[in-house]
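# Structural characterization, general
Chain by chain, the residues:
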Amino acid sequence: MVEHNQQNIKILIIDDRPENLHFLSDLLISQGYKVQRAISGKLGLNAAFASVPDLILLDILMPEMNGYEVCQRLKNDAKTRDIPIIFISALDDVSEKVKALKLGGIDYITKPLYAGEVLARIENQLTIAKLQQQLKARNAALQEEIQERQWMENELKNRNQLIKSILHSAPVGISLRDESGKILEVNPAYCEIYGVNSSEIIGQKFPVESSIVNGKQNPQITNEGIYQTGEFPLQHPNGNQLIVDIQRGLFQQENGKSFVVTTLMDITSRKQVEDALKFRERYLSALVEVERQLLEFDGSPRCYTEILQTLGVVTRANRVYVFENHPGANGSLLMSQRAEWCAPGIHPEIDNPSLQNLSYDDFFPRWAALLSQGGIVSGIVADFPESEREILEPQDILSILILPMVAKGQFLGFIGFDNCS
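Everything numeric here is computed off the predicted structure, so don't read it as measured data.

## Focus on the pattern of salt bridges
Counted by the stated rule, this structure contains 11 salt bridges. Note that Arg 17 is salt-bridged to Glu 19, the shortest N-O span being 2.5 Å. Classification of Arg 17 by relative accessible area gives partly exposed; the value is 43%. Several salt bridges converge on common partners, so that one network encompasses Asp 15, Asp 59 and Lys 111.

Given below as structure tokens:
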């Protein structure tokens, strides 16, 4: 959960109804937010341009200038275009919500207003905005790191006369080899990457990277200068798995003999950050897409399937599905599969008759107890009770995650995520 310092967050409320202004203002001030109020669209614009807020709560139905017009003016100005805007309206029509989102709104709250819902939606949008800022900052830091590495590599290529000095002071690992591949000298960073002492490898044809770069065994050196680059995994003696970037080049001495310079850089952390940022970007995009789909949700299997596909792709699950609860003839609680999405190559179960009218009491009493209380079910299927395995194992499910669907305190069903590979 992203932490917020409410005292540093300013929220602008634009609404022509004084009672709404007082309700929202008192609610937000009680939570520690800084609040500014405007009783018309024009006054709201003046306030936003004078001192840019962190978030705007904007009523749609206002005289003279409605919320849509205010939003357009804000989005057309470079100073205010990035402010998150949550629309507030008594209009509960889907087309109005879609219009609000297309104009640049990030959320839509329908009147009458409820304190818990308002605070939850504000917190959610502030969290998304903060995560986006963090992503931009980290991407900028990665670009700076890449530029710094490229600069260092250019310096090594352009200053051959300072090779000795660079060898012992560079933050990257460097080794010098003769024409036969034997190591002549290494620097401390090189030894640290491999977890060895220089005395152990001087005079030796060491190690794997001497013969493998970009998958090529024992490449032939034919001309002077940097000639090979690549990345390869390396097992450190302490057990850590590293990812190392390698550059190799040939340099000619005045006596006609040649030597090979190899530089190594441990890029494991950078790779991990890059992978984490890519996943977080996919996750945030999926949240926005699911929110859009929920605004258009009409309860049809098609809408279910679109939402499940979005969830399945971002979580990399093999199968995602929805089961809805309904009462049996004797009053027992039953479940039936309503919708499903499967990854390529995964057998669908949507038409499996054994997944309709399943009794919680007979097969999944543990699930009913956990899910009805807001808990989750997860784990390796092989470790589950026999009655549960009887249903799950024929579907080739190896591990599973089950999340309850609860509305107004009522347990309505669940969303499931399967791993079958």
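Once you've had a look at it, read on.
## Looking at the pairing of strand β3 (residues 55–59)
Counting buried positions over the 5 residues of β3 gives 5, a clear majority of the element. Of the two faces of β3, both are covered, the one formed by Leu 55, Leu 57 and Asp 59 as well as the one formed by Ile 56 and Leu 58. Note that strand β1 (residues 10–14) and β3 share 4 bridges and pair parallel. Within β3, the position partnered with Ile 13 by the bridge is Leu 57. Direction of pairing for β3 relative to strand β4 (residues 85–89): parallel, over a ladder of 4 bridges. Looking across to β4, one finds that Leu 58 is bridged to Phe 87. One crossover worth recording links β3 to the parallel β4 by way of helix α3 (residues 67–75), and it is right-handed.

## Regarding empty space enclosed by the protein
Using the criterion set out here, one finds 2 cavities of 30 Å³ or more in the structure. The computed volume of the largest cavity comes to approximately 100 Å³. Of all the secondary-structure elements, those providing two or more residues to the lining of the largest cavity are β13 (319–327), β14 (333–342) and α13 (386–392). When residues in the lining of the largest cavity are grouped by element, the largest group, 3 residues, is from β13. In this structure, the second largest cavity occupies an estimated 80 Å³ of space. Surrounding the second largest cavity, 10 residues form its lining, Arg 149, Glu 153, Val 172, Thr 263 and Met 265 being those nearest its centre.

## Description of unusual backbone geometry
The residue after Lys 111, namely Pro 112, is reached through a cis peptide bond having omega 5°. Tracing the sequence through the fold places Pro 112 in the loop between β5 (107–110) and α5 (115–158). A positive phi angle, near 65°, is found at Asp 396, a position not held by glycine. Summarising the element assignment, Asp 396 is placed in the loop between α13 and β17 (399–407). Of note in this structure, Lys 408 is not a glycine but carries a positive phi near 55°. Structurally, Lys 408 is set in the loop between β17 and β18 (410–419). Judged by its relative accessible area of 88%, Lys 408 falls in the exposed class.

## Examining the confidence of the model for the protein
When pLDDT drops low, the exact placement of atoms in the prediction is not to be read closely. The share of residues in the protein with pLDDT of 70 or more is 85%, and the mean pLDDT across the chain is 83. Per-residue pLDDT stays below 50 along residues 210–226; that stretch engages in 31 contacts with residues further than four places along the chain or on separate chains.

## Digging into helix α2 (residues 41–50)
Those residues of α2 lying buried are Gly 41, Gly 44, Leu 45, Ala 47 and Ala 48. Buried residues of α2, seen end-on, are gathered within an arc of 165° and therefore sit on one face of the element. Those residues of α2 that are exposed and aimed more than 90 degrees away from the buried face are Lys 42 and Ala 50. Looking at the buried positions of α2, the neighbouring elements they touch are β1, β2 (34–38), β3 and α3.

Conventions used here
Residues numbered from 1 in each chain as written. Predicted model: local features only at pLDDT ≥ 70, side-chain atom pairs only at ≥ 80, totals over all residues. Heavy atoms only, no water. Salt bridge = Lys/Arg side-chain N within 4 Å of Asp/Glu carboxyl O. Buried < 20%, exposed > 50% of the residue type's maximum accessible area, 1.4 Å probe, protein only. Helix = DSSP H or I, 4+ residues; strand = E, 2+ residues; numbered from the N terminus. Pairing = 2+ DSSP bridges. Right-handed = clockwise from strand over helix to strand, strands pointing away. 1 Å grid on protein atoms, 1.4 Å probe; cavity = no way out; pocket = protein on both sides within 12 Å on 5 of 7 lines; lining within 4 Å. Points joined across faces, edges and corners; volume = space filled by probe spheres on them. pLDDT = per-residue confidence, 0-100. Contact = heavy atoms within 4.5 Å. Arc of directions from axis to C-beta.

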